[in-house]
Amino acid sequence: MQHGKYRFIVGFLAVPLGLYTLFVIWPFIQSIYYSFTDWTGLSPEFEMVGFANYERMLDDDIFWKSLQHSLLFALLLPVVTIGLALFFSFMINVGGRRRRGGPAITGVRGSSVYKIVYFFPQVLSIAIVALLFAFAYNPDSGAINSLLRGIGLGGLQPLWLGDPDLALWCVMAVLVWSTTGFFVVLFSAGMASIPAELYEAALLDGADRVTTFFRVTLPLLWDTVQSGWVYMGILALGAESFAVVQIMTTGPGGPDYSTTVMVLYVYQKAFRDGQAAYATTIGVALLVVTLAFSAVVLRLGRRERLEY
């Protein structure tokens, strides 16, 4: 069984590792290299400038604003999204009342319909979601302010995306709405694999729903929750936040840079301002933030694996 084992392993891993190095590792190395140049992104000619781009970045007030917003996304969005998804998943799979002649552990009535409803935003492109909510947030003809007028709250009609104090929270609400359904389905699949006998034993011991969730469901689902937390943080720092801010906000990134995030600032510097080298410098900072976030979540969430 040991004969030719390493040749077999190398044979299977060589092509995937080669593709990963070519399309993932190598672009990272190139980005780090270009961050030490004055490359515009348009000309093949450039010169080495050392740490000038990094010094400029540290003195850039807009960069610090974008970093603050990205960190807020990474810290708050996973908490809200994962928390809502866990609650909905638990109610769909475990939170129902026992019906006569049915199993002791069941979800709420219509749980299969709720799964479809929660997952529906995943069917829509994030660009479509952003456009729909941009129309809904319109202060004059949007659905939200129209609803407020319809129920007699015409005096309470915020500018939403036009208000620097509200715009970022409006964007975050859209991201929560669009991503919660994915994690509901993910956690529901994990809960479905937990043996019903464990829940029945908890019920016999007099545990209520809250105790059952924290003592049975969450510990057995912890690995899935941890992976979902990292994935949601990466979405909040990357493509999802870029698409929503780019499409929904004025500027984009406004008003007054109140919604600018790091990934959007990278895009603006590279493709709007023709400063590719400076954009890669901000991209390197984004890489460090993303790796640090993942490392912290994995380190703080590390615990002994439970078998069942």
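So, here's what we can say about the structure. These numbers were taken from a predicted model, which means no experiment stands behind them.

1. Quick word on the overall build of the chain
- For the chain, the helix and strand inventory stands at 13 helices and zero strands.
- Along the chain, helices (α) and strands (β) appear in the sequence α-α-α-α-α-α-α-α-α-α-α-α-α when read from the amino end.
- Residues classed as buried in the chain amount to 39% of the 308 residues present.
- The contacts in the chain between residues at least 6 apart in sequence include a share of 64% that link residues at least 24 apart.
- Of the roughly 17,900 Å² that the chain leaves accessible, carbon and sulfur atoms contribute 67%.

2. Re the layout of surface pockets
- Its boundaries defined by the atoms lining it, the largest pocket holds a volume of some 500 Å³.
- Ser-31, Val-266, Ala-279, Thr-280 and Gly-283 are the residues nearest the centre of the largest pocket, which is lined by 23 residues in total.
- Taken together, the elements giving at least two residues each to the lining of the largest pocket come down to helix 1 (5-34), helix 12 (262-272) and helix 13 (276-300).
- When residues in the lining of the largest pocket are grouped by element, the largest group, nine residues, is from helix 13.
- Along the lines of polarity and charge, the residues of the lining of the largest pocket split into 16 nonpolar, seven polar and no charged.

3. Let's talk about the pattern of salt bridges
- Applying the stated rule across the entire model yields two salt bridges.
- Where Asp-273 meets Lys-269, a salt bridge forms, and the shortest distance between an N and an O atom there is 3.3 Å.
- Asp-273 sits in the partly exposed class, given a relative accessible area of 29%.
- With a relative accessible area of 10%, Lys-269 lands in the buried category.
- Through salt bridges with shared partners, a single network forms among Lys-269, Arg-272 and Asp-273.

4. Here we look at helix 5 (residues 126-136)
- All buried positions along helix 5 are accounted for by Ile-126, Val-129, Ala-130 and Ala-136. Take helix 5 and look down its axis: the buried residues cluster within an arc of 120 degrees, on one side only.

5. So, the side chain of His-69
- Mapped onto the elements of the fold, His-69 is located in helix 3 (residues 61-93).
- Leave out the neighbours within four places in its chain, and His-69 touches Leu-168, Tyr-257, Ser-258, Thr-259, Thr-260 and Val-261.

6. Focus: a nonpolar patch on the surface
- Taken together, the side chains of Val-15, Leu-19, Tyr-20, Leu-22, Phe-23, Ile-25, Trp-26, Phe-28 and Ile-29 make up a nonpolar region of the molecular surface, amounting to roughly 910 Å² of accessible area.
- Turning to its location among the elements, Ile-25 is positioned in helix 1.
- Judged by relative accessible area, Ile-25 falls into the partly exposed class, the value being 31%.

7. Some thoughts on the packing of aromatic side chains
- Under the defined criterion, the tally for this structure stands at 22 aromatic pairs.
- Their ring planes at 35 degrees and their centres at 6.1 Å tell us that Phe-183 and Phe-187 sit as a pair that is tilted. Of this pair, Phe-183 and Phe-187 both sit in helix 7 (residues 167-192), four residues apart, which is roughly one turn of that helix. Residues Phe-183 and Phe-187 agree in their burial class; the two are buried.
- Between Tyr-267 and Phe-271 the ring centres are 5.3 Å apart and the planes differ by 40 degrees, which places this aromatic pair in the tilted class. Taken as a pair, Tyr-267 and Phe-271 lie in helix 12 at a separation of four residues, close to a single helical turn.
- Assessed through its relative accessible area of 35%, Tyr-267 is described here as partly exposed.
- Taking the relative accessible area as the measure of exposure, Phe-271 reaches 67% and is therefore exposed.

8. Looking at the nonpolar core
- By size, the foremost hydrophobic cluster in this structure holds 65 residues, and its most contacted members are Phe-63, Phe-73, Leu-77, Leu-86, Phe-187, Met-262 and Ile-282.
- Here this core gets eleven residues from one element, more than from any other, and that element is helix 7.
- Filtering out sequence-adjacent residues up to four positions away, Leu-86 remains in contact with Phe-187, Met-191, Phe-213, Leu-218, Leu-221 and Val-225.

9. Comments concerning the packing of helix 5 against helix 11 (residues 239-248)
- Viewed as axis vectors pointing N to C, helix 5 and helix 11 meet at an angle of 40 degrees, and their least axial separation amounts to 9 Å. What the angle tells us is that helix 5 and helix 11 run oblique. As for the relative orientation of helix 5 and helix 11, their crossing is right-handed in sense. Across from Ile-126, Ala-127, Ala-130, Leu-131, Phe-133 and Ala-134 in helix 5, the residues of helix 11 making contact are Glu-240, Ala-243, Val-244, Ile-247 and Met-248.
- Split into classes, the residues belonging to the contact of helix 5 with helix 11 amount to ten nonpolar, no polar and one charged.

About the cut-offs
- Residues numbered from 1 in each chain as written.
- Predicted model: local features only at pLDDT ≥ 70, side-chain atom pairs only at ≥ 80, totals over all residues.
- Heavy atoms only, no water.
- Helix = DSSP H or I, 4+ residues; strand = E, 2+ residues; numbered from the N terminus.
- Buried < 20%, exposed > 50% of the residue type's maximum accessible area, 1.4 Å probe, protein only.
- Contact = heavy atoms within 4.5 Å.
- Areas by Shrake-Rupley, 256 points an atom, 1.4 Å probe, with all protein chains shown as cover.
- 1 Å grid on protein atoms, 1.4 Å probe; cavity = no way out; pocket = protein on both sides within 12 Å on 5 of 7 lines; lining within 4 Å.
- Points joined across faces, edges and corners; volume = space filled by probe spheres on them.
- Nonpolar A, V, L, I, M, F, W, Y, C, P; charged D, E, K, R; others polar.
- Salt bridge = Lys/Arg side-chain N within 4 Å of Asp/Glu carboxyl O.
- Arc of directions from axis to C-beta.
- Patch = residues over 30% accessible without salt bridge, like charges linked within 9 Å, V, L, I, M, F, W, Y side chains within 5 Å.
- Phe/Tyr/Trp six-rings, centres within 6.5 Å; stacked < 30°, edge-to-face > 60°.
- Core = buried A, V, L, I, M, F, W, Y, C linked by side-chain atoms within 4.5 Å.
- Axes fitted to C-alpha atoms, helices over the stretch in contact; angles between N-to-C directions.
- Parallel < 35°, antiparallel > 145°, perpendicular 65-115°, else oblique.
- Left-handed = near helix turned anticlockwise from the far one by under 90°.

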